[in-house]
Amino acid sequence: MVRVALITGITGQDGSYLAEFLLAKGYQVFGLERRSSQKNRMNIDHILDRIELVSGDLLDEASVVHALKEVKPDEVYNLAAQSFVHESWKQPVFTGEVTGLGAVRVLEAIRQVNPSIKFYQASSSEMFGKVHETPQTEKTPFYPRSPYGVAKLYAHWITVNYRESYGMFAASGILFNHESPRRGLEFVTRKITNAIARIKLGTAKELVLGNLDAERDWGFAGDYVEAMWLMLQQKEARDYVIATGESHSIREFLVAAFKCVDLNWENYVRTDPKFIRPAEVNLLRGDSSLARKELDWKPRVGFTELVEMMVNSDLKALSK
């Protein structure tokens, strides 16, 4: 019997890679899509004929209930969010409504329609924020440092609450930074690789960034969606850290990215305080030992390979 999955945030980076992964597994894939005057389907254009989109909005629980009744999914992956950390200071209430309360609307809709549906919540390493220990594990205390991190923490704990209160299969993946050529241009990694491609092609002269010393644990989004699926295939639901176990500074990312086009980053990059967060997260590095042991998961794409993939993709796209 064909399994059915519903993905919120299917048009985003993670949603598109997850849709591809599930299609390869033989799933029937549905995506929840907000009504909008401008459709942003670039990441899923190549699979639109293999998936189905249903109308729904995480701000409107009734629409989620309707979508669940229509689709009758076996699994729901909640990837939709206001996911840009910097923007969350400008839109803290909206970020809380979508990223935080949006998760409980989906959980409550599942509880009402069919509590046997398996639920995946996209948690974030930003919940660790001002870290208490390095590397961070499933037992590391949380200390979020942005409205986004706080909203993700609410979504994370409400997932635990529904699991323990109602016996629902609800699991959270505490995913550390994961990138790809499909990453939005507002994120620092893609901002870097896109700017480098423009500089190399002669359409830009400089790249302006904020804190170059912040360190992140960067992996490939295509690897991380497999971990999402694996979590919902277990006998019992629990939460897992998904990470590479390596951290690199933004400066290291710059060096590796500019090396791809044989340029010295110091000739093109300047910093501007306006791009520095009000409360910075200086270092994130995850310990995914539990996921490697229980899920038999591990990252396949390394840091240098990931950077090269993103630079080459932007070069190819902009050369056209």
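First, a word on what this report is: a plain description of the structure on this page. Source: prediction; values computed, not measured. (Residues numbered from 1 in each chain as written. Predicted model: local features only at pLDDT ≥ 70, side-chain atom pairs only at ≥ 80, totals over all residues. Heavy atoms only, no water.)

Okay, the sheet that holds strand β4 (residues 75-78) next. Taken in spatial order, the seven strands line up as β3-β2-β1-β4-β5-β6-β11 in an open sheet, and their pairing is parallel. The open sheet terminates on both sides in strands that have one partner only, identified here as β3 (52-55) and β11 (240-242). Adjacent strand axes in the sheet meet at a mean angle of 25 degrees, parallel and antiparallel pairs treated alike. Across the sheet, helix α1 (residues 13-24) is in contact with β1 (4-8), β2 (28-33) and β4; its angle to β1 comes to roughly 175 degrees. Sitting on the sheet, helix α5 (residues 147-166) is in contact with β5 (118-124) and β6 (170-175), with an inclination near 150 degrees to β5. (Pairing = 2+ DSSP bridges. Helix = DSSP H or I, 4+ residues; strand = E, 2+ residues; numbered from the N terminus. Axes fitted to C-alpha atoms, helices over the stretch in contact; angles between N-to-C directions. Contact = heavy atoms within 4.5 Å.)

Here we come to the nonpolar core. In this structure, Leu22 and Tyr77 are the most contacted members of the largest nonpolar core, which totals 64 residues. When near neighbours in sequence (up to four residues on either side) are disregarded, tyrosine 77 contacts Ala5, Leu6, Ile7, Thr8, Leu18, Leu22, Tyr120, Met228, Trp229, Leu232 and Gln233. Counting residues in each nonpolar core, the second largest holds 24 residues, with Leu58, Ala80, Phe119 and Tyr162 among its members. (Core = buried A, V, L, I, M, F, W, Y, C linked by side-chain atoms within 4.5 Å. Buried < 20%, exposed > 50% of the residue type's maximum accessible area, 1.4 Å probe, protein only.)

For β2, a buried count of five out of six residues is recorded, marking the element as mostly surrounded by other parts of the structure. Across five bridges, the pairing between β1 and β2 is parallel. Following the sheet pairing, isoleucine 7 is matched in β2 by glycine 31. Note on the crossover from β1 through α1 to β2: the handedness is right-handed. In this structure, β2 lies alongside β3, joined through four bridges in parallel fashion. Note that in β3 the partner of glutamate 33 across the bridge is serine 55. (Right-handed = clockwise from strand over helix to strand, strands pointing away.)

Before going further, it helps to examine the pattern of salt bridges. Taken as a whole and assessed by the stated rule, the structure comprises 13 salt bridges. Glutamate 226 is paired through a salt bridge with arginine 300; the nearest N and O atoms lie 2.8 Å apart. Of this pair, glutamate 226 sits in helix α7 (residues 221-231) while arginine 300 sits in the loop between α9 (289-294) and α10 (303-319); the two residues are 74 residues apart in sequence, bridging distant segments of the chain. (Salt bridge = Lys/Arg side-chain N within 4 Å of Asp/Glu carboxyl O.)

Here we come to the side chain of histidine 248. Here histidine 248 is to be found in strand β12 (residues 248-249). At 3.3 Å, the side chain of histidine 248 and the side chain of glutamate 246 are in polar contact. Within the local environment of histidine 248, its side chain forms a polar contact with the side chain of glutamate 252, the two groups lying 3.3 Å apart. Apart from residues lying up to four places away in sequence, histidine 248 is in contact with Ala214, Glu215, Arg216, Trp218 and Phe303. (Polar contact = N/O pair within 3.5 Å; in protein donor to acceptor, adjacent residues only side chain to side chain.)

For any pair of aromatic rings, the description consists of the separation of the ring centres together with the inter-plane angle of the planes. Scanning all chains against the criterion turns up twelve aromatic pairs. Here tyrosine 224 and tryptophan 297 contribute two aromatic rings whose centre-to-centre distance is 5.5 Å and whose plane-to-plane angle is 85 degrees, an arrangement assigned as edge-to-face. Pair noted here: tyrosine 224 is in helix α7 and tryptophan 297 is in the loop between α9 and α10, with a separation of 73 residues, a long-range link. Among the aromatic side chains, those forming a connected cluster through ring pairs are Phe128, Phe142, Trp157 and Phe176. Positioned above the aromatic ring of tyrosine 166, the side-chain terminus of arginine 111 is 4.8 Å from the ring centre. Lying across the ring of tyrosine 17, arginine 182 places its NZ or CZ 3.9 Å from the centre. (Phe/Tyr/Trp six-rings, centres within 6.5 Å; stacked < 30°, edge-to-face > 60°. Lys NZ or Arg CZ within 6 Å of the ring centre and 35° of its normal.)

Let us look at the packing of helix α4 (residues 92-113) against α5. Put simply, α4 and α5 touch, their axes get as near as 8 Å, and they point 15 degrees apart. When the axes of α4 and α5 are compared, the pair comes out roughly parallel. Here the hand of the crossing between α4 and α5 comes out right-handed. On the side of α4, the interface is formed by Pro92, Thr95, Gly96, Thr99, Gly100, Leu101, Ala103, Val104, Leu107, Glu108 and Arg111, while α5 contributes Pro147, Tyr148, Ala151, Lys152, Tyr154, Ala155, Ile158, Thr159, Tyr162 and Tyr166. When grouped by side-chain class, the residues that make up the contact of α4 with α5 number 13 nonpolar, five polar and three charged. (Parallel < 35°, antiparallel > 145°, perpendicular 65-115°, else oblique. Left-handed = near helix turned anticlockwise from the far one by under 90°. Nonpolar A, V, L, I, M, F, W, Y, C, P; charged D, E, K, R; others polar.)

So, about the packing of helix α2 (residues 61-71) against α4. Interaxial distance between α2 and α4 falls to 9 Å at its minimum, and their mutual angle equals 45 degrees. On the basis of their axis angle, the class for α2 and α4 is oblique. When you trace α2 past α4, the crossing you get is right-handed. Contacts between α2 and α4 involve Glu61, Val64, Val65, Leu68 and Lys69 from the former and Arg105, Val106, Glu108, Ala109, Ile110, Gln112 and Val113 from the latter. Of the residues contributing to the contact of α2 with α4, the split by class is seven nonpolar, one polar and four charged.

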